[in-house]
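Secondary and tertiary structure notes
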Amino acid sequence: METIGKSVYRKEAPDKVTGAAKYTADVQKPGMLHAKLVISPYAHARIKDIDISEARKMPGVRAVLTGQPTPLVGEEIRDRPPIAFGKVRYHGEPAAVVVADTPVQAQAAAERIRIAYEPLPVVNSPADALRKDAPLIHENLEQYEKGVMTYAEPNTNIASRIRIRKGDAAKGFSESDVIVENRISFAPSDHAAMETRCCVAEIAADGTVTIITSSQAPFMAKKIISAAFGVEIGKIVVHAPLVGGAYGGKSSVQWEIIGYLASKAVGGRPVKLDYTREEDLLTAPVHIGLDATVKLGSSKDGKLLAAEMVYLFDSGAYADKSPNLSRAGAVDCTGPYHIDHVSCDSLSVYTNHPYPSAFRGFAHSEVLFAFERTMDMLAAKLQMDPLALRRKNAIAPGHTTPTQVLLNTSNVGNLPRCLERLQELMNWEEGALIRLSDRKVRAKGISCIWKTSTIEPDASSGAVLLANPDGSINLVSGVVEIGTGTKTVLAQMLAEKLRMDVSRIHVKMEVDTQTTPEHWKTVASRGTFMAGRAVLAAAEDLIRQLKDIASRVLRCSPDDLEVGGERVFLRDDPKTGISIKDIAYGYTYPYGNAIGGQIIGRGNYILRHLTYLDPETGAGVPGPEWTVGAQGVVVEYDRRDHTYQILKAVSVIDIGNVLNAKAARGQVIGAMSMGLSFGGRETFEIDRNGIVLNPQLRTYRPLRFGEHPEYIVDFVETPQLDAPYGARGVGEHGLLGMPAALANALSLASGTDLNRLPLTPEFIWRTKRGTSHDSV
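In short, a report on the structure. In this text the structure is predicted, and so the values were computed from the model without any measurement.

Next up on the list: the sheet that holds strand β23 (residues 567–570). Taken in spatial order, the three strands of this open sheet run β22-β23-β24, and their pairing is antiparallel. The open sheet is flanked by β22 (561–564) and β24 (577–579), the only strands paired with a single partner. In this sheet, adjacent strand axes meet at a mean angle of 15° when their direction is disregarded. Of the pairings in the sheet, the one linking β23 to β24 comprises three bridges and is antiparallel in character. Bridging across to β24, Arg567 finds its partner in Ser579. Docked against the sheet, helix α14 (residues 527–554) engages β22, β23 and β24, running at close to 125° with respect to β22.

Here it is as structure tokens:
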């Protein structure tokens, strides 16, 4: 191949490195106003009174918005007022909005709003939410509109429950020689993308709504606003320019709705809503938390026979995407292992925490942390090498998933080969625990990963190709460029298909829902797969049209022609042909007659054979394929003060086929760093009243420069036959096993089972002392 597999520079790179790239916050419009939020200082409280009289008198103020009983919004359950009404349900929830001429004026007026609250009892964890005496966060749960696969339980705090039943778990445990059970937990955290959420909303005189937003899901924003407010969907235009990082956090629809309401309140004038960092951490959707119990049974020689899991996902104050997240965790609940007898209950549980959006990995790093920690505990009880245990039980073609999908060499990668390569790269044979001195040891921890994409069965993607008079091609796709380089890979696919230089493919970066073909959402590592299939279908359409016109010029059958090198030529006589530039806009004969017109190729792709899950057993086809891999971490640990340094992080992932070598490696390394940060550093410190104590980057602590280990990335290539050029999704997978591998390494180094994140020295110290955070 000429282009596929090569390290092609990203199409948007020149604009980004020169500072020419434009993001939502850069948008300026004549007469633009600015909105500022008033957010709740309580996690759960009744709104007794809102006094906006002083705010209205402030200079430059154009409108003050407070909550209304309807409409309610939300993706899976319509349970959320855009601005709190009646009560607030999480610390940071928008309780009022001020629109003014300048951001400073809007902020000054927001500070003059006085809200009287009556504090209510706080639900501070999913486990607490299930207590019989727990206060109900949503008293009217049964009245809310719900999605097809959302199974809420009225008069409880359960927003959805997914059941997985495969085989007979009781029988499997009765046949097991060794049984281990483990509990894990971690609080919500954040995406901490460089760009905070931002939008500009405007309503024209004819009712057309225009929204410019930092979003991964512009088409979903359009649908939700239309459904909630009765706006004709064709009159809603959403623009998504370059996005400065998202990681799933910008797939929810929140700030766009508030922006729309703000513009409506001032007669349709453009209004910018730009979250501060504190609002981005507190108010916007976050990374989900989890309480989980995992029980495993095996034979004496380490063959897994049964698994029983209860996953309690922290839905926060509103469901939004958490029913999807709990379903995603359920369908891959066992990790990439073959187990005949499986029982899993995966619940989305309301709490008084900020509500979650997707986070890179979509519930998989979370359940893998629980499962892979338990795998290491089982290995210790069996006195068996952890890597050997995983190899013995590795998922493979011929096995079935927890939802009873039969796997083959196309829809699942080669996990045993990934483990073999990981063993080599980690020098596993030298031992997992090495004493360096009286104080320090070096320890290795590993984990296995897998993931399918539990997206809507009817999710689709479209692409349009326009031929230019100079023979180059414009590529238009609904994929949002969120930093993944997906549109560059699409250009590589097109260049390979047309056998032309990738520099001659011009990619439209901004998405405009009025003129861009729809791509469901830029999530779930599906951009390359779905949009790639759409681009290749559009390329076939383009080639057909080129051959049709060329055949009339060259007086031959279209079947005799090939396309390549920006020419259409005879297969058996390549010197006889015509340049694409001469037929891109049709062809004019010497005597003046013309045929054709601009050549425009179109293509689309819709996921095939996906099904809803059976509500009792979970049986069904949740995604098109499973990417698998093996990961490891090497740490140097000080047994006296419990500090540690991560020396190496290793990933071996079956990527199917590498499309862009450096981009693929960069994607995996970036995800690995996020996984280590999530596992070792990042969390919301939430007090007993549900208040987030660290809503700034000074106190919310991602991994910093200088703390990164050596990253080692390698790929196994088992092509997925229905994917463009055999490539599997890989945008999220570098993250998935990092928290578990880090915890396994530190558990070995410290001699203590570490089952809570993040893995800070203080937490390790407290665990070894047998004291909890709350007891000191």
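Neighbouring strands of a sheet are bound in pairs by backbone hydrogen bonds; such pairs are parallel or else antiparallel. Strand order across the open sheet formed by three strands is β4-β2-β6, with antiparallel pairing between neighbours. The strands lining the two open edges of the sheet, one partner per strand, are β4 (87–88) and β6 (114–119).

Using the criterion set out here, one finds 16 aromatic pairs in the structure. Plain terms: the ring middles of Tyr42 and Tyr117 are 5.2 Å apart, the flat faces sit at 55° to each other, and that makes the pair tilted. In this pair, Tyr42 sits in the loop between β1 (33–39) and β2 (45–51) while Tyr117 sits in strand β6, placing the two residues 75 residues apart along the sequence. Judged by its relative accessible area of 34%, Tyr42 falls in the partly exposed class. Over the face of the ring belonging to Phe173 we find Lys295, whose NZ or CZ atom lies 4.5 Å from the ring centre.

On the surface, Asp559, Asp560, Asp572 and Asp573 cluster together into a negatively charged patch. Positionally, Asp559 belongs in the loop between α14 and β22. Given a relative accessible area of 61%, Asp559 falls into the exposed group.

Our focus in this paragraph is the packing of helix α10 (residues 364–382) against helix α11 (residues 386–393). Contact geometry of α10 with α11 gives a least axis separation of 9 Å together with a crossing angle of 110°. By the angle between their directions, the pair α10 and α11 is classed as roughly perpendicular. On the side of α10, the interface is formed by Glu372, Met375, Asp376, Leu378, Ala379 and Leu382, while α11 contributes Pro386, Leu389 and Arg390. In terms of residue class, the contact of α10 with α11 is made up of six nonpolar, no polar and three charged.

Attention shifts here to the nonpolar core. With 99 residues, the main nonpolar core has Tyr311 and Phe371 as its most contacted residues. Residue contributions to this core peak at nine residues, all from α10. Membership of the second largest hydrophobic core comes to 48 residues, among which are Ala21, Leu475, Val535 and Ile578.

So, on to the pattern of salt bridges. All told, the structure shown has 49 salt bridges when counted by the stated rule. The closest approach of N and O atoms between Asp345 and Arg161, which form a salt bridge, is 3.3 Å. In this pair, Asp345 sits in strand β15 (residues 341–350) while Arg161 sits in strand β7 (residues 158–166), placing the two residues 184 residues apart along the sequence. Each member of the pair Asp345 and Arg161 is classed as buried. Residues Arg681 and Glu707 are paired through a salt bridge, measuring 3.9 Å at the closest nitrogen-oxygen approach. With Arg681 in the loop between α15 (661–680) and β30 (710–716) and Glu707 in the loop between α15 and β30, this pair connects stretches of sequence that are 26 residues apart. Residue classification places Arg681 among the partly exposed residues on the basis of a relative accessible area of 22%. In the salt-bridge network here, residues are joined through shared partners; they are Arg10, Glu12, Lys16 and Glu481.

So, how was this worked out
- Residues numbered from 1 in each chain as written.
- Predicted model: local features only at pLDDT ≥ 70, side-chain atom pairs only at ≥ 80, totals over all residues.
- Heavy atoms only, no water.
- Pairing = 2+ DSSP bridges.
- Helix = DSSP H or I, 4+ residues; strand = E, 2+ residues; numbered from the N terminus.
- Axes fitted to C-alpha atoms, helices over the stretch in contact; angles between N-to-C directions.
- Contact = heavy atoms within 4.5 Å.
- Phe/Tyr/Trp six-rings, centres within 6.5 Å; stacked < 30°, edge-to-face > 60°.
- Buried < 20%, exposed > 50% of the residue type's maximum accessible area, 1.4 Å probe, protein only.
- Lys NZ or Arg CZ within 6 Å of the ring centre and 35° of its normal.
- Patch = residues over 30% accessible without salt bridge, like charges linked within 9 Å, V, L, I, M, F, W, Y side chains within 5 Å.
- Areas by Shrake-Rupley, 256 points an atom, 1.4 Å probe, with all protein chains shown as cover.
- Salt bridge = Lys/Arg side-chain N within 4 Å of Asp/Glu carboxyl O.
- Lys, Arg positive; Asp, Glu negative; His and termini not counted.
- Charge placed at Lys NZ, Arg CZ, Asp CG, Glu CD.
- Parallel < 35°, antiparallel > 145°, perpendicular 65-115°, else oblique.
- Nonpolar A, V, L, I, M, F, W, Y, C, P; charged D, E, K, R; others polar.
- Core = buried A, V, L, I, M, F, W, Y, C linked by side-chain atoms within 4.5 Å.

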